[in-house]
Amino acid sequence: MEQINGSVQMESALLYTFLEVSSDCKFKEQLHSLQNQGTVSFLKGSYCYDDEVELQTDGNRSGHLQNGELVFGPEVNEEVIRIIAAQLAEIGDQFDREIKARVVNDLVQHFLNENLSGEEITRRMSEAVEGLARAIPSDMEREKAMLVLAMVLTKKIANTMPSLLQRVFRTTVNYISQQLHNYIVRMLRE
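To start, this report covers the structure provided alongside it. (Residues numbered from 1 in each chain as written. Predicted model: local features only at pLDDT ≥ 70, side-chain atom pairs only at ≥ 80, totals over all residues. Heavy atoms only, no water.)

Thoughts on the overall build of the protein
In step 1: When helices and strands are tallied, the protein shows 7 helices and 2 strands.
In step 2: Ordered by position in the sequence, the α and β elements of the protein form the string α-α-β-β-α-α-α-α-α.
In step 3: Expressed as a percentage of the 190 residues in the protein, the buried residues total 48%.
In step 4: Here the contacts in the protein between residues at least 6 apart in sequence split such that 78% fall between residues at least 24 apart.
In step 5: Approximately 9,500 Å² of the protein is accessible, and the part contributed by carbon and sulfur atoms is 44%. (Helix = DSSP H or I, 4+ residues; strand = E, 2+ residues; numbered from the N terminus. Buried < 20%, exposed > 50% of the residue type's maximum accessible area, 1.4 Å probe, protein only. Contact = heavy atoms within 4.5 Å. Areas by Shrake-Rupley, 256 points an atom, 1.4 Å probe, with all protein chains shown as cover.)

Some remarks on the packing of helix α4 (residues 101-112) against helix α6 (residues 142-160)
In step 1: At a closest axis distance of 9 Å, the pairing of α4 and α6 adopts a crossing angle of 70 degrees. When the axes of α4 and α6 are compared, the pair comes out roughly perpendicular. In this structure, α4 contributes V103, V104, N105, L107, V108 and F111 to the contact, and α6 contributes L153, K156, I157 and T160.
In step 2: Of the residues assigned to the contact of α4 with α6, the class counts are 7 nonpolar, 2 polar and 1 charged. (Axes fitted to C-alpha atoms, helices over the stretch in contact; angles between N-to-C directions. Parallel < 35°, antiparallel > 145°, perpendicular 65-115°, else oblique. Nonpolar A, V, L, I, M, F, W, Y, C, P; charged D, E, K, R; others polar.)

So, the nonpolar core
In step 1: Ranked by size, the top nonpolar core spans 57 residues in total, and within it L14, L88, L147 and L153 carry the most contacts.
In step 2: Elements that contribute at least two residues to this core include exactly α1 (9-21), α2 (28-36), α3 (78-96), α4, α5 (118-135), α6 and α7 (165-189).
In step 3: A total of 12 residues in this core trace back to one element, the largest contributor, which is α7.
In step 4: When near neighbours in sequence (up to four residues on either side) are disregarded, L14 contacts I81, I84, A85, L88, L147, M151, I184 and M187. (Core = buried A, V, L, I, M, F, W, Y, C linked by side-chain atoms within 4.5 Å.)

Focus: the packing of α4 against α5
In step 1: As a packed pair, α4 and α5 sit with axes 10 Å apart at the nearest point and diverge in direction by 170 degrees. Comparing their axes, α5 and α4 come out roughly antiparallel. Residues V103, L107, H110 and F111 of α4 pack against I121, R124, M125, A128 and L132 of α5.
In step 2: Split by residue class, the contact of α4 with α5 holds 7 nonpolar, 1 polar and 1 charged.

Quick notes on α6
In step 1: Here α6 spans 26 Å end to end across 19 residues, near enough to the 27 Å set by a 1.5 Å rise per residue.
In step 2: Counting buried residues in α6 gives 15 out of 19 residues, a clear majority hidden from the surface. (Expected span 1.5 Å × (residues − 1).)

Let's talk about α7
In step 1: The terminal C-alpha atoms of α7 lie 29 Å apart, and with 25 residues this falls more than 12% below the ideal 36 Å at 1.5 Å per residue.
In step 2: Of all the bends in α7, the greatest measures close to 80 degrees and is centred on L180. (Bend = angle between axes of the 7 residues up to and from the residue.)

So, the environment of L116
In step 1: If you trace the backbone, L116 turns up in the loop between α4 and α5.
In step 2: Its relative accessible area of 15% is what places L116 among the buried residues.
In step 3: What L116 contacts, discounting residues up to four positions off in sequence, is H110, I121, R124 and R167.

Examining the pattern of salt bridges
In step 1: Inspection of every chain in the model, using the stated rule, returns 10 salt bridges.
In step 2: In this structure, R102 and D106 form a salt bridge, with 3.6 Å as the shortest nitrogen-oxygen distance. You can see R102 and its partner D106 sitting in helix α4, 4 residues apart, about one turn around the helix.
In step 3: By relative accessible area, R102 is classed as exposed at 57%.
In step 4: A relative accessible area of 37% places D106 in the partly exposed class.
In step 5: Close ionic contact of R123 with E127 constitutes a salt bridge, the shortest N to O distance being 2.1 Å. With R123 and E127 both in helix α5 and 4 residues apart, the pair spans about one turn of that helix.
In step 6: Among the residues examined, R123 registers a relative accessible area of 37% and is labelled partly exposed.
In step 7: Taken together, the salt bridges that share partners define one network made up of D93, D96, K155 and K156. (Salt bridge = Lys/Arg side-chain N within 4 Å of Asp/Glu carboxyl O.)

Without other data, these values stay purely geometric and don't point to any function.
This is the structure:
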């Protein structure tokens, strides 16, 4: 599940753009290298809504190749992703102050531990997000708070140790895809 494919393309685009527009991002060079490495390829592709493509037996959503690239339809305007990411980044700046360094440092240690599986790290990320969501008083939707917290944690981990960006990016995209995909689809439709 650590590959970037159609089922996580929206999540990848949203997280990348969130990080790109976030304040206090100390890893811009590493972030742009994600695009060069092919980890993030949304700028050339399009996004799809979950219920508008067929779910295959392997759990992936169907797509087709056009000019050698996987294409999904119908498109979600890249500008919509940018606007939503900017709004989430503003909320993230407010949440940023509430996240204790210990939470970030614990996650950094988990990401550094190469003996932990991707599933285990995703579970640890999920536990951290849920714990923070309970601790931060918020009048916003729980799903939105969890989405912003996951993205802010990604930024804080990468700020602490930029070399972890690729691993934490993949983990966060997987977490968001597993836990918040339907919420993101609804958000993009509004």
